[in-house]
Amino acid sequence: MNKTISICCIITFISLFIASCITITDNTGNTARNSSPSERSIFSRERGSSNTTARDNRLVRKNTNEVENIRKKLVEGAHKFKGARSLVVNGRRFNMDCSGVVAAIYYYAGIDLQKYFPYHTGSGTERIYAILRERRLIKKTWLPKPGDIVFWDNTFDRNRNGRADDPLTHVGMVVSVDRQGNITYVHHNYRRGIVFEYMNIRQKNVESQIINGQRVIINSPMRAREHGTRGNNLWLSGQLVNSFGEAYHLE
């Protein structure tokens, strides 16, 4: 009898040892040790489970039709606020600055960027970038889409050290783009208010060209030229662009 009990104990111990070594393979090909139901649910949320909250769900993408409708509304909002002296959308007032313009246009299209602001620090531009980066909605491209948020670096000497080391100093939104990469964007110009200006990353060093006898802006000036300083001489929109963000996927 004692011998039978000992054998059963050995079998049970071996079974438990094998179970503890079983691995789970996720849909990315990575492996993880066998985990409890609560641990598995956390693992699923990190992969973009539909049960996550708006803040935790960092991999969700809206369907094509929904995105197209939002983009159309964003472009409509850009035209609506072009030249405006104040930013009020459905009773909410937005700051008359670069991030305020982008937030107002997105709010007009039904997306509240500022509800995510408390989770981040820095300027409005830095917070918008952080929101999109943590959800993998930042992209590098020369051919963005209407509604994409555009980020620039070094549009002014924020830390006043005379060097080109000031990331994420300005933000705007793409209004239109053609196949040659000619981009029209809306942003807040500190002298002229809310305006449409131009950028082409493939021709980033070109300010303007003569086309059909007329001068056409290729890259709008984004800051004053600073010859003879410790900083570099990059001053056009295409030279200073950092990246683009697909904020229309946010809830």
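Residues numbered from 1 in each chain as written. Predicted model: local features only at pLDDT ≥ 70, side-chain atom pairs only at ≥ 80, totals over all residues. Heavy atoms only, no water.

Caption draft 1: Here's a closer look at the overall build of the protein chain. Scanning the protein chain from terminus to terminus reveals six helices and 12 strands. Burial analysis of the protein chain (251 residues in total) assigns 40% to the buried set. The long-range share in the protein chain, meaning contacts at least 24 apart out of those at least 6 apart in sequence, stands at 50%. Working note: accessible area of the protein chain is about 14700 Å², and carbon and sulfur atoms make up 50% of it. (Helix = DSSP H or I, 4+ residues; strand = E, 2+ residues; numbered from the N terminus. Buried < 20%, exposed > 50% of the residue type's maximum accessible area, 1.4 Å probe, protein only. Contact = heavy atoms within 4.5 Å. Areas by Shrake-Rupley, 256 points an atom, 1.4 Å probe, with all protein chains shown as cover.)

Caption draft 2: Main features of the pattern of salt bridges. Inspection of the entire model under this criterion finds nine salt bridges. Where Glu68 meets Arg71, a salt bridge forms, and the shortest distance between an N and an O atom there is 2.8 Å. Here Arg71 and Glu68 lie together in helix 3 (residues 64-81), a separation of three residues that amounts to about one turn. Here Glu68 falls in the partly exposed class, since its relative accessible area comes to 34%. Between Glu207 and Arg215 there is a salt bridge whose closest N-O contact spans 3.7 Å. (Salt bridge = Lys/Arg side-chain N within 4 Å of Asp/Glu carboxyl O.)

Caption draft 3: Quick peek at helix 5 (residues 124-134). The buried fraction of helix 5 amounts to eight of the 11 residues, a majority that puts the element mostly inside the structure. Here helix 5 has its buried residues at Gly124, Thr125, Ile128, Tyr129, Ala130, Ile131, Leu132 and Glu134. Those residues of helix 5 that are buried are in contact with helix 4 (98-108), strand 5 (138-139), strand 6 (149-152), strand 7 (170-177) and strand 12 (241-245). Positioned one or two residues after helix 5, Arg136 has a phi angle of 60°, which is positive.

Caption draft 4: Region of interest: the sheet that holds strand 5. Strand order in the open sheet formed by six strands is 5-12-6-7-8-9, with antiparallel pairing between adjacent strands. Only two strands of the sheet have a single partner each, and these edge strands are strand 5 and strand 9 (193-199). Here strand 5 pairs with strand 12 via two bridges, running antiparallel. Opposite Ile138, over in strand 12, you have Gly245 as the bridge partner. Packing of helix 3 onto the sheet brings it into contact with strand 7, strand 8 (183-189) and strand 9, and relative to strand 7 it is tilted by some 110°. Against the sheet, helix 4 engages strand 6, strand 7, strand 8 and strand 9, with an angle of about 45° to strand 7. (Pairing = 2+ DSSP bridges. Axes fitted to C-alpha atoms, helices over the stretch in contact; angles between N-to-C directions.)

Caption draft 5: Just the side chain of Asn189, in detail. Its place among the elements puts Asn189 in strand 8. Classification of Asn189 by relative accessible area gives buried; the value is 9%. In this structure the side chain of Asn189 is engaged in a polar contact, spanning 3.0 Å, whose partner is the backbone nitrogen of Arg192. For Asn189, the residues in contact, after removing those within four places along its chain, are Val195 and Glu197. (Polar contact = N/O pair within 3.5 Å; in protein donor to acceptor, adjacent residues only side chain to side chain.)

Caption draft 6: Geometry of the packing of aromatic side chains. Inspection of every chain in the model, using the stated rule, returns four aromatic pairs. Both rings, one in Phe94 and one in Tyr107, keep their centres 5.5 Å apart while their planes meet at 55°; by these two values the pair is tilted. Placement of the pair is Phe94 in strand 4 (residues 92-94) and Tyr107 in helix 4, with a sequence separation of 13 residues. A relative accessible area of 4% places Phe94 in the buried class. Considering the side-chain rings of Tyr129 and Phe151, the 5.2 Å spacing of their centres and the 90° angle between planes classify their relative orientation as edge-to-face. Placement of the pair is Tyr129 in helix 5 and Phe151 in strand 6, with a sequence separation of 22 residues. (Phe/Tyr/Trp six-rings, centres within 6.5 Å; stacked < 30°, edge-to-face > 60°.)

Caption draft 7: Spotlight on the nonpolar core. Ranked by size, the top nonpolar core spans 38 residues in total, and within it Tyr106, Leu113, Leu132, Ile149 and Leu250 carry the most contacts. Among the elements that make up this core, the one with the highest residue count is helix 4 (seven residues). Trp152, Val174, Tyr185 and Met222 belong to the second-largest nonpolar core, a separate cluster that totals 11 residues. (Core = buried A, V, L, I, M, F, W, Y, C linked by side-chain atoms within 4.5 Å.)

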